[in-house]
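Spelled out from the first residue to the last, the chains are:
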There are 2 protein chains.
Amino acid sequence: MLQFKGRKILKKKGVDSLQVSGKKERLRDFIKKMGFKSTRQRDIIATEFLKTICHITAEELYKKISRMNKEIGFTTVYRTLKLLAKSGLATERVFADNLTRYEPISTKEHHDHLICLACGGITEFEDTKIEKLQEAVAVEFGFMTITHKMELYGYCRKCKKHAPASE
Amino acid sequence: MLQFKGRKILKKKGVDSLQVSGKKERLRDFIKKMGFKSTRQRDIIATEFLKTICHITAEELYKKISRMNKEIGFTTVYRTLKLLAKSGLATERVFADNLTRYEPISTKEHHDHLICLACGGITEFEDTKIEKLQEAVAVEFGFMTITHKMELYGYCRKCKKHAPASE
DNA sequence: AAGAAAATGAAATTCATTTTCAAAATGTTA
DNA sequence: TAACATTTTGAAAATGAATTTCATTTTCTT
Ligand SMILES: [Zn+2]
Ligand SMILES: [Zn+2]
Ligand SMILES: [Zn+2]
Ligand SMILES: [Zn+2]
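Residues numbered from 1 in each chain as written. Chains lettered and ligands numbered in written order. Predicted model: local features only at pLDDT ≥ 70, side-chain atom pairs only at ≥ 80, totals over all residues. Heavy atoms only, no water.

A. Region of the structure containing unusual backbone geometry. All names here are of chain A. The phi angle at Asn-98 is positive, at roughly 65°, despite the residue not being glycine. Within the secondary structure, Asn-98 sits in the loop between β2 (90-94) and β3 (100-104). Note on Asn-98: relative accessible area 37%, which makes it partly exposed. (Helix = DSSP H or I, 4+ residues; strand = E, 2+ residues; numbered from the N terminus. Buried < 20%, exposed > 50% of the residue type's maximum accessible area, 1.4 Å probe, protein only.)

Right under this line is the structure:
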């Protein structure tokens, strides 16, 4: 395992960079198409965001960027995330803590979430069977589904032992 | 159909009143057990709330009550709904509009929601197959589920025709 | 370089939710 | 019933995330 670590990371880095730059191009296209302007700030924010794996809030991303760059304001981070969402490069999500989080779109078109009540960890999953049954429910009610939200809250493998009244 | 209307409503009213008074007793028990005090306001708010079928916000319930009774403040409505939730007689829910809504517990233990993006109508559904598959997903990830949220957003039968880009 | 349009960011605003606090109501005890 | 401790009430203030404002700066096109 250990001896492959270097290589794996190297490969992963390469892929990530490619993905990020591909997405950044998409953002630039979107900005141009909409008659907007490319700026240093948007570039930095988008780069930093697209590197993200997790579901990040505007505040968190702002703090992360602030560490290296004192000249980017919270408002711009906030607005750039909205822009990324509008351009289709980010997905806006609100979980039980009522904070607006953003995640870069990934290879998975759609996915749902498992959220740990102890550590706050978020795991993604896809289940086509469930998706089909959801659609069946919709049809049954004469409902035309546009989107849906499914979140399972509980304790992840690591936090299970800390679950209240589990012992 | 029409000739049964009177009778049906009468019967329904009877059942509702019984259910409401049963729940009000449960609230009184809870209040006593917790060392709290029963008040005129709590009684009025709980009665009005438990009659509710829909998913109501504190603001909405406050306005509804205000029409008849000018002496009940918003804060008390807000606090009583929280109290009902803590006592287990109400469920607190937040849908995509980010407003906190309350619904009285019903005979259905658990249910999920279909929410119309046009009229805001909320329909409840239960699907044991989905619930089982959700649990299977959780198990697969070594996750111990405590609760979950599943909401389908789209257009209900009545509003389908108004759905954007459907024609 | 000039001008038009958009972006920035600090500060202000919004808005639902929650808390504060002085006065009122409740329920227990004597 | 009166006194008392405790809780409740409700107007107002506080909170806090999300959003908007606006003067200044930057970008992009002539
Ligand atoms: Zn899904
Ligand atoms: Zn996700
Ligand atoms: Zn469910
Ligand atoms: Zn419901």
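B. Highlighting the relation of the copies chain A and chain B. Mapping chain A onto chain B calls for a screw motion: a turn of 180° about the axis and a shift of 0.0 Å along it, with 0.1 Å RMSD after fitting. When the rotation and shift are considered jointly, the pair of chain copies conforms to a two-fold rotation axis. Relative to the rotation axis, the closest C-alpha in chain A is found at Met150(A), a distance of 2.2 Å. Here 100% of the contact residues of chain A are again contact residues in chain B; the copies associate through an equivalent surface. (Least-squares fit on C-alpha atoms with pLDDT ≥ 70 in both. Contact = heavy atoms within 4.5 Å.)

C. Local environment of the sheet that holds strand β1 (residues 56-57) of chain B. Residues and elements named next belong to chain B. In space, the 3 strands of this open sheet follow the order β1-β3-β2, with antiparallel pairing throughout. Each edge of the sheet is formed by a strand with only one pairing partner; in this case those strands are β1 and β2 (90-94). As defined by bridge partners, β2 adjoins strand β3 (residues 100-104) across 5 bridges and the pair is classed as antiparallel. Bridge assignment links Val-94 to a residue of β3, and that residue is Thr-100. Of the strands in this sheet, β1, β2 and β3 are in contact with helix α2 (residues 40-51), which crosses β3 at around 80°. (Pairing = 2+ DSSP bridges. Axes fitted to C-alpha atoms, helices over the stretch in contact; angles between N-to-C directions.)

D. Examining the protein's contact with DNA strand C more closely. Lining the immediate surroundings of DNA strand C are 21 residues, of which Thr39(A), Glu71(A), Thr76(A), Arg79(A) and Tyr78(B) lie closest. Taking the atoms of DNA strand C that fall within 4 Å of the protein, sugar and phosphate contribute 67% of them. The separation between a phosphate oxygen of DNA strand C and a polar side-chain atom of Thr39(A) is 2.6 Å. Residue assignment for the surface near DNA strand C shows that the elements contributing at least two residues are α2 (40-51) and α4 (74-86) of chain A together with α4 (74-86) of chain B. Of all the elements, α4(B) adds the most residues to the surface near DNA strand C, at 5 residues. For the surface near DNA strand C, the class distribution of residues is 5 nonpolar, 9 polar and 7 charged. (Near = heavy atom within 4 Å. Polar contact = N/O pair within 3.5 Å; in protein donor to acceptor, adjacent residues only side chain to side chain. Nonpolar A, V, L, I, M, F, W, Y, C, P; charged D, E, K, R; others polar.)

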